[in-house]
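Structural characterization, general
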Amino acid sequence: MFTVALFSAPAIAFMTFDFVFPNISSPSLGKNLLAAFLLAALFGMPSGYLTRRTDLAIVTVILYVFIGYILSIIAYSTPFLFYDFRIIFPDLYIMFFLNMTVILLMLFVFAGFIGVIMGQLLAESFEKEETSQSFSRGRM
Amino acid sequence: MGVMAELRKRWFVSMLSIAAAIFFTVALIVSANTYVNVMDANASVVLMNAIEGAEMLDNGSILVTIQIQLDNPSDLDLSISTVSWTVAIWNYTDGVNIIPVTSAYNGTGDGLTVKKKSVETFTYQVIVSDSTRLANIDGFINYSMTQGQDYTLETVPYVHDFRVTGWIADYPHDYQTYRETYLNDMARIDLSYRDGEYL
């Protein structure tokens, strides 16, 4: 579950950071919520595709969104965590980030769930095809 | 079946996911690094070494000059947007009475860029020969004399106000909505030198 979550977490982290600083991040989605939603759904698919149990897949979505969000906060705080820049109002600084991204956070979870469903449908479809192919090979 | 076995079995999707994860990790690191560079430019770009001058010419006019340096030690170029310079005499005897001496302005069309890790020197020189302005300055000198101050055209306390604005690396800065104007401010430099102080 954690391994699968690590596949999708960087995308969530980058999209969140990009949503706050679309002018300096590259490549940028430019605050396009539809593009963020579609990408988030796409990155929900590995969880559904690689995890057979739906409840675990849903927990994986919540896990990778959480990890991605924490990574984006670290990226957002890079000048202050790893360099000698000083934050004047730390509380406001973090509140600003939360305020800017809270809707996006919900969107990621929602899109992730949809991605899980699509991923599981895809996995089932592949399995059906593999089964039918192995049966047809058996007849030959 | 364990996760690793599942990943091996579905290797194509796993490889795609890993490639995407690497791509977005690199993009995040690059973007965070850009953010650090922008913050660094915001903090480190300064005006310095201002030299003001006023020289009386033979024909009675005054040559007013300023030379000031813009130091850009950051890793990003600066696109200069506007440079303005005004010189005035501030008379505080009855409220604030500003006597304009001269001014100059350069706008975005000039395409001036200050390269990274470089120092750009701005020099403005103006000959003030307008009789009305010279008369106003003479009036200030005469008035000051009654107050015990002995000024000449060269020693009058001219207040130089120099301001330079620009954009860091020309990152997008045309955001209009209230929630997005912080992006303009982040990529913007706005430095002033006024009356001997760097602001």
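Bear in mind that the values here come from a model prediction, so they are computed numbers and not experimental data.

Before going further, it helps to examine the layout of surface pockets. In this structure, the largest pocket encloses a volume near 530 Å³. As for the largest pocket, its lining consists of 19 residues, of which Y76(A), Y93(A), F96(A), Y35(B) and Y182(B) are closest to the centre. Listing elements by their share of the lining of the largest pocket, those giving two or more residues are helix 5 (90-139) of chain A together with helix 2 (11-44) and helix 4 (181-186) of chain B. Looking at the lining of the largest pocket, its residues break down into 14 nonpolar, two polar and three charged. The computed volume of the second largest pocket comes to approximately 270 Å³. M45(A), P46(A), V13(B), L16(B) and S17(B) are the residues nearest the centre of the second largest pocket, which is lined by 14 residues in total. Contributing elements (two or more residues each) for the lining of the second largest pocket: helix 2 (33-50) and helix 5 of chain A together with helix 2 of chain B.

Below, the discussion takes up the environment of G111(B). Its place among the elements puts G111(B) in the loop between strand 4 (97-106) and strand 5 (113-114). It is 20 Å that separates the C-alpha atoms of G111(B) and N42(B), two residues lying 69 residues apart in sequence.

Attention now moves to unusual backbone geometry. With omega at -5°, the peptide bond leading from S26(A) into P27(A) counts as cis. Structurally, P27(A) is set in the loop between helix 1 (2-20) and helix 2. Positive phi is not limited to glycine here, since D195(B) has a value of about 50°. With respect to the helices and strands, D195(B) occurs in the loop between strand 8 (188-194) and strand 9 (197-198).

For the coordinates displayed, the defined rule picks out 20 aromatic pairs over all chains. Ring centres of Y69(A) and F97(A) lie 5.7 Å apart, and the angle between their planes is 50°; on these two criteria the pair is classed as tilted. Taken together, the residues Y69(A) in helix 3 (residues 54-76) and F97(A) in helix 5 connect sequence positions 28 residues apart. Classification of F97(A) by relative accessible area gives buried; the value is 1%. Seen from their ring centres, W85(B) and Y124(B) are 5.5 Å apart, and the 25° between their planes marks the pair as stacked. In this pair, W85(B) is assigned in strand 3 (residues 78-91) and Y124(B) in strand 6 (residues 118-128), connecting sequence segments 39 residues apart.

The next thing to look at is the domain arrangement of chain B. Residue and element names in this part refer to chain B. Partitioning chain B into domains gives domain 1 (3-39) and domain 2 (46-198). Between domain 1 and domain 2, the C-alpha centre-to-centre distance is 49 Å. Taken together, the contact between domain 1 and domain 2 spans four residues of the former and five residues of the latter. For the pair domain 1 and domain 2, the summed buried area comes to about 420 Å², and 76% of that belongs to carbon and sulfur atoms. If you sort the residues of domain 1 by the area they bury against domain 2, T34, N37 and V38 come out on top, with a joint share of 87%. At the junction of domain 1 and domain 2, the tally comes to zero salt bridges. Put simply, domain 1 and domain 2 have zero residue pairs in polar contact (both at pLDDT 80 or more) between them.

Scoring rules and cut-offs
Residues numbered from 1 in each chain as written. Chains lettered and ligands numbered in written order. Predicted model: local features only at pLDDT ≥ 70, side-chain atom pairs only at ≥ 80, totals over all residues. Heavy atoms only, no water. 1 Å grid on protein atoms, 1.4 Å probe; cavity = no way out; pocket = protein on both sides within 12 Å on 5 of 7 lines; lining within 4 Å. Points joined across faces, edges and corners; volume = space filled by probe spheres on them. Helix = DSSP H or I, 4+ residues; strand = E, 2+ residues; numbered from the N terminus. Nonpolar A, V, L, I, M, F, W, Y, C, P; charged D, E, K, R; others polar. Phe/Tyr/Trp six-rings, centres within 6.5 Å; stacked < 30°, edge-to-face > 60°. Buried < 20%, exposed > 50% of the residue type's maximum accessible area, 1.4 Å probe, protein only. Domains from an automatic or database assignment. Contact = heavy atoms within 4.5 Å. Buried area = accessible area lost by both parts, 1.4 Å probe. Salt bridge = Lys/Arg side-chain N within 4 Å of Asp/Glu carboxyl O. Polar contact = N/O pair within 3.5 Å; in protein donor to acceptor, adjacent residues only side chain to side chain.

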